[in-house]
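Letter by letter, the chains look like this.
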Amino acid sequence: MTFLGIDHVSKRYGTVLALDGVSLGVSLGVAAGSRTAIVGPSGSGKTTLLRLIAGFEAPDTGRIVLDGELLADGAAAMPAFRRGVGVVMQDGALFPHLDVAENIGFGLPGNLRGQAARIAELLGMVGLPIAMASRRPDALSGGQQQRVALARALARKPRLMLLDEPFSALDTGLRAATRKAVATLLADAGIATILVTHDQTEALSFADQVAVMGGGRLLQVGAPRELYLRPLTPMIASFLGEAIILPATLADGVADCALGPVAVDDARRQGAADILLRPEQVSLAAPTPGAALAQVLDCDFAGPACAVTLRLQSGETVALRQPGIAAPDIGATVAIMVHGTAHAFAAGD
Ligand SMILES: Nc1ncnc2c1ncn2[C@@H]1O[C@H](COP(=O)(O)OP(=O)(O)O)[C@@H](O)[C@H]1O
Ligand SMILES: [Mg+2]
């Protein structure tokens, strides 16, 4: 059953059509709770969509339904505080003059004394020590502030949690750890979550459903693997990670391309098509007879990985990431091995 339904929602700001007929469904999995990531370049309408779901603004047209309840039907919209939707924005937006306990208790009924047990429980949930309750936000790290903002959003037991780039201000290591902790916490609590991010790795690792936005439209929705390996267009392919896109001729499930014959995922397609390989599908080996050969034009070693530029026999150059341990010498001739199947893009892209 669809838990959250977004149906042909549009929103315009002056001359900018921020959302152009967006439809998206979020279902609950076997265990309650589900994780959707909305990913797309800056300005593609991600925050606007979250603001409409949260009720900070109303759509111009279209409907939003949560758990069978109509949240918005065009400009007729239920107020945000009645929706049971928790929100954590990019900067956390804690009240700077309130301490941690007051920030978390802000929306809770009763006085701070009565809330103490609940605040302690919420701090525990987000992995913060109780001693932090009396600190002001400026005495917390970025990661700790985001956890307080999450505790505040959890305090009112939302049925849906919206996270708008909540980890983007954090350093890479802390960011991955915080993301994992938050994902686990929300899954354990059985809360359906929508994460907005412009970071494709974050989207792919967080979500069980990924929606790619561009120019106010939803370009593709699917499971992370599906989107990464079978994107609808070269643009989506490149947005979700490094992509090797080559022209090819397809016949009976084999693509004839500059890397030689490569198995392709669509056995029915025949004739000219662009194909996609991810860099990790390609490895380099010592030249052997019959193998597709290439010359190493450049190799930029960076520890665990290296960036290799190859000139293929067709004259085309291809850039690919390889394990640092397999870094080839510049000028060497190498054989190219392809693993798995290439993805053939639909005609017309
Ligand atoms: N309050 C606003 N007034 C005018 N334009 C806005 C407003 N909010 C967003 N926009 C415009 O709508 C488009 C989508 O913005 P946004 O939803 O913030 O994108 P994203 O979160 O994907 O970066 C952008 O072109 C942005 O400039
Ligand atoms: Mg945004």
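Note that the structure is predicted; figures quoted are calculated from it, not measured.

1. Observations concerning helix H4 (residues 142–155)
For step 1, the next point in the chain: Taking 1.5 Å of rise per residue, the 14 residues of H4 would be expected to cover 20 Å, and the 20 Å separating its terminal C-alpha atoms lies within 8% of that figure.
For step 2, the next point in the chain: Counting buried positions along H4 yields twelve of 14 residues, so the element is predominantly enclosed.
For step 3, the next point in the chain: Among the residues trailing H4, Lys-157 stands out with phi positive, at a value near 50 degrees.

2. Some words on the domain arrangement of the protein
For step 1, the next point in the chain: Looking at the assigned domains, one finds that the protein contains domain 1 (2–235) and domain 2 (242–344).
For step 2, the next point in the chain: Distance between the C-alpha centres of domain 1 and domain 2: 39 Å.

3. Remarks on the sheet that holds strand E8 (residues 160–164)
For step 1, the next point in the chain: In space, the six strands of this open sheet follow the order E7-E8-E9-E3-E10-E11, with mixed pairing throughout. Across the chains shown, the open sheet's two edge strands, defined by having one partner strand only, are strand E7 (85–88) and strand E11 (217–222). Pairwise comparison of adjacent strand axes, ignoring direction, gives a mean angle of 20 degrees for this sheet.
For step 2, the next point in the chain: Pairing analysis gives five bridges linking E8 to strand E9 (residues 192–197), with the strands arranged parallel. Note that in E9 the partner of Met-161 across the bridge is Thr-193.
For step 3, the next point in the chain: With respect to the sheet, H4 is in contact with E7 and E8, its orientation differing from that of E7 by roughly 170 degrees.

4. Some details on unusual backbone geometry
For step 1, the next point in the chain: In this structure, His-8 is a non-glycine residue whose phi angle is positive, near 50 degrees.
For step 2, the next point in the chain: For His-8, the location among the structural elements is in strand E1 (residues 2–13).
For step 3, the next point in the chain: Take His-8: there are 13 C-beta atoms within 10 Å of it, and that puts it in the partly exposed class.
For step 4, the next point in the chain: A positive phi is found at Asp-67, a non-glycine position, where the angle reads about 50 degrees.

5. As for the site of ligand 1
For step 1, the next point in the chain: Neighbouring ligand 1 are Tyr-13, Val-16, Ala-18, Gly-40, Ser-42, Gly-43, Ser-44, Gly-45, Lys-46, Thr-47 and Thr-48.
For step 2, the next point in the chain: Of all the secondary structure elements, the ones that give two or more residues to the shell around ligand 1 are strand E2 (16–27) and helix H1 (46–54).
For step 3, the next point in the chain: Among the elements that make up the shell around ligand 1, the one with the highest residue count is H1 (three residues).
For step 4, the next point in the chain: Here the residues of the shell around ligand 1 sort into three nonpolar, seven polar and one charged.

6. Some remarks on the nonpolar core
For step 1, the next point in the chain: Ranked by size, the top nonpolar core spans 90 residues in total, and within it Ala-151, Leu-162, Ala-255 and Ile-275 carry the most contacts.
For step 2, the next point in the chain: If you tally residues by element for this core, the top one is H4, at seven residues.
For step 3, the next point in the chain: For this core, the domains that each give at least three residues are domain 1 (2–235) and domain 2 (242–344).
For step 4, the next point in the chain: Once residues within four sequence positions are removed from consideration, Ala-255 is found in contact with Ala-248, Leu-250, Val-262, Val-264, Ile-275, Ala-342 and Ala-344.

7. Here's the deal with helix H5 (residues 172–188)
Note on helix geometry: an α-helix contains 3.6 residues per turn, so any two residues three or four positions apart are oriented the same way.
For step 1, the next point in the chain: For H5, with 17 residues, the first-to-last C-alpha span of 24 Å sits near the 24 Å given by 1.5 Å per residue.
For step 2, the next point in the chain: Contact partners of the buried residues in H5: H4, E8, E9 and helix H6 (200–206).
For step 3, the next point in the chain: Looking at the residues trailing H5, positive phi occurs at Gly-190, about 70 degrees.

8. Section: the environment of Leu-170
For step 1, the next point in the chain: Here Leu-170 shows up in the loop between E8 and H5.
For step 2, the next point in the chain: Considering only alpha carbons, one finds Leu-170 and Gln-146, 24 residues apart in sequence, at a separation of 9.4 Å.
For step 3, the next point in the chain: Setting aside residues no more than four positions away along its own chain, Leu-170 makes contact with Gly-142, Gly-143, Arg-175 and Thr-178.

Each value, and the rule that gives it
Residues numbered from 1 in each chain as written. Chains lettered and ligands numbered in written order. Predicted model: local features only at pLDDT ≥ 70, side-chain atom pairs only at ≥ 80, totals over all residues. Helix = DSSP H or I, 4+ residues; strand = E, 2+ residues; numbered from the N terminus. Expected span 1.5 Å × (residues − 1). Buried ≥ 20, exposed ≤ 12 C-beta atoms within 10 Å, placed from the backbone. Domains from an automatic or database assignment. Pairing = 2+ DSSP bridges. Axes fitted to C-alpha atoms, helices over the stretch in contact; angles between N-to-C directions. Contact = placed C-beta atoms within 7 Å. Near = placed C-beta within 6 Å. Nonpolar A, V, L, I, M, F, W, Y, C, P; charged D, E, K, R; others polar. Core = buried A, V, L, I, M, F, W, Y, C linked by C-beta atoms within 7 Å.

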